[in-house]
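These are the residues of each chain, in order.
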Amino acid sequence: MNERSTDTTMPLQFAYTDQHFVTDVRRSSGNHPGVASPPVKFDTILQAGWTDRMERGLFRYHLGDLQTRILPGSHGFVAQLNIQRGIERRKPQEILSIQQEFNAGQFNFNKINPGEIIFEMIKDTERGTALHYNGQLHQPNRMVVLVNVSPLEFGHCLFVPDPSLCLPQVLTRFAVQAGIESVLLSSNPDFRVGFNSLGAFASVNHLHLHGYYLDHKLKIESMPVKGLVPEKGFYRLLDFPAGFLFYTESEDVEKVARAICEVTDFLVDGNIAHNLFLTRGCPPCDRTQNEKTLCSRKGVRIAVWPRISCFGAKEESAFNVALCELAGHLPFKNKKDFELTTEKDVIDIIQRYLLPDREFQRLEQQLTHHLIDL
């Protein structure tokens, strides 16, 4: 990786290969697990660049240590008080459809302050893979990483596939694969990546994923699953909230990214909103695992939650239900809700955004057959 330049028109470039993936990550059994492996270049550059932009005043507010509590109960929900995000963040765009086209007249990531860019990720592949978008040949191996100026947590950044392509907020195979690879490039089990579709609280219709660090263990990392199409890494989560899970280790990223996009394309075609959450996790299992396996974070778990669409819906007063809330990380907007909300309250709020059981079961059958038939 190049040294940091003060010239904001020439962002740093981080070239990587599969050899940079960290495969020996583990968690301790405590809730504040710490980092099992020494920091690597990906984490060092991301954290230093993010901190630099915070110190330079490029954010909408200064993010200090957030007041945090673990809600009593079996789910271990991580509640955090982040009042300023609720007040200061950019007003979300009006979204009318999950398949809404990109609109250059609205805010998009071609309009940001260039200083917000931390670096560009470029995968160095032997064959220099090119993909087609809308019938045109592009080189989509450029992922721009920029700060989220209304951060949820430390290191909150956005991963934007070549912004000049002006892609709408619909997942592509490149975006999914690069998201998985960014988790594998980190030696920190607290680094997470996520995606909100249109109608699932995406606030900008320009293709992007979120990344951030959360120094707490989440249940999704080890939740038991049922195999649906295990050969393609596809499972169903066996606990709340109802959803699907993919799992991959470093050698199967391309295959699993392809399967994930088959699922998300199916959801988009069916106008079903969805959230994704990517995190280091233990291998899939249908029961509680032994201590050694439970602490393993060799691979990446990708949760996919189909959900009820929200178009112009009134936001919840306590918290919105998007990628991090479904994963068990709850950023609260006001102190009263932060202090008084119980696990049951959280479940009741989230349940309102999930598909009804019968609809979810029908979707599970459709997706299983869809992946088997491919």
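Quick caveat, the model's predicted, so the values are computed rather than measured.

Chemist: So, the overall build of the chain: which residues are in play, and what are the values?
Modeler: Along the chain, the regular secondary structure elements total nine helices and 16 strands. The buried share of the chain, taken over its 374 residues, is 55%.

Chemist: Talk me through the sheet that holds strand β16 (residues 329-332); I want residue IDs and the actual numbers.
Modeler: Read from one edge of the open sheet, three strands run β2-β3-β16, paired in mixed fashion. Where the open sheet ends on each side, the last strands, each with one partner, are β2 (68-70) and β16. When strand polarity is set aside, the average angle formed by the axes of neighbouring strands in this sheet is 20°. Pairing geometry for β2 and strand β3 (residues 78-81), over three bridges, is antiparallel. Of the residues in β3, the one forming a bridge with I70 is V78.

Chemist: So what's going on with the pairing of strand β4 (residues 117-123)? Which residues, and what values?
Modeler: With six of its seven residues buried, β4 lies for the most part within the structure. In this structure, strand β1 (residues 12-16) lies alongside β4, joined through five bridges in parallel fashion. The partner of Q13 across the bridge, within β4, is E120.

Chemist: I'd like to hear about helix α1 (residues 41-55), residue by residue, with values.
Modeler: The first and last C-alpha atoms of α1 sit 21 Å apart over 15 residues, in line with the 21 Å expected at 1.5 Å per residue. Every buried residue of α1 is listed here: F42, D43, I45, L46, G49, W50, D52, R53 and M54. The first or second residue beyond α1 is G57, which carries a positive phi of 75°.

Chemist: Kindly report on the packing of helix α3 (residues 173-185) against helix α4 (residues 253-269), identifying the contributing residues and their values.
Modeler: At a minimum axis separation of 9 Å, α3 and α4 run at an interaxial angle of 130°. Our classification of the angle between α3 and α4 gives oblique. Crossing handedness for the pair α3 and α4: right-handed. Contact with α3, carried on its side by R173, V176, Q177, I180, E181 and L184, involves V253, E254, A257, R258, I260 and C261 of α4 and no other residues of that element. Along the lines of polarity and charge, the residues of the contact of α3 with α4 split into seven nonpolar, one polar and four charged.

Chemist: Give me the lowdown on the packing of α4 against helix α9 (residues 357-373), citing residues and values where you can.
Modeler: Packing of α4 against α9 leaves a shortest axis separation of 10 Å and a crossing angle of 135°. Of the possible angle classes, the one that applies to α4 and α9 is oblique. Note that α4 runs across α9; the crossing there is right-handed. When α4 is examined against α9, the residues A259, E262, V263, F266 and L267 are found in contact with a partner set consisting of L363, Q366, L367, H370 and L371. Of the residues in the contact of α4 with α9, the class split is seven nonpolar, two polar and one charged.

Chemist: Which residues make up the nonpolar core, and what values go with them?
Modeler: Counting residues in each nonpolar core, the largest one holds 63 residues, and the members touching the most others are F119, M121, F159, I180 and F246. By size, the runner-up hydrophobic cluster in this structure holds 38 residues, among which are W305, L323, A327 and I350.

Chemist: I'd like a description of the packing of aromatic side chains, backed by residues and values.
Modeler: Scanning the model with the defined rule gives 17 aromatic pairs in all. An angle of 85° between the planes, with centres 6.2 Å apart, marks the rings of F42 and F119 as edge-to-face. In this pair, F42 is assigned in helix α1 and F119 in strand β4, connecting sequence segments 77 residues apart. F119 carries the same exposure label as F42, and that label is buried. With 5.7 Å between their ring centres and 85° between their planes, F107 and F109 make a pair best called edge-to-face. A relative accessible area of 7% places F109 in the buried class. Among the aromatic residues, those joined into a ring-pair cluster are F14, Y16, F42, W50, F59, F119, F154, F159, F191 and Y213. If you follow R69 out to its NZ or CZ, it ends over the ring of F338, 5.8 Å from the centre.

About the cut-offs
Residues numbered from 1 in each chain as written. Predicted model: local features only at pLDDT ≥ 70, side-chain atom pairs only at ≥ 80, totals over all residues. Heavy atoms only, no water. Helix = DSSP H or I, 4+ residues; strand = E, 2+ residues; numbered from the N terminus. Buried < 20%, exposed > 50% of the residue type's maximum accessible area, 1.4 Å probe, protein only. Pairing = 2+ DSSP bridges. Axes fitted to C-alpha atoms, helices over the stretch in contact; angles between N-to-C directions. Expected span 1.5 Å × (residues − 1). Parallel < 35°, antiparallel > 145°, perpendicular 65-115°, else oblique. Left-handed = near helix turned anticlockwise from the far one by under 90°. Contact = heavy atoms within 4.5 Å. Nonpolar A, V, L, I, M, F, W, Y, C, P; charged D, E, K, R; others polar. Core = buried A, V, L, I, M, F, W, Y, C linked by side-chain atoms within 4.5 Å. Phe/Tyr/Trp six-rings, centres within 6.5 Å; stacked < 30°, edge-to-face > 60°. Lys NZ or Arg CZ within 6 Å of the ring centre and 35° of its normal.

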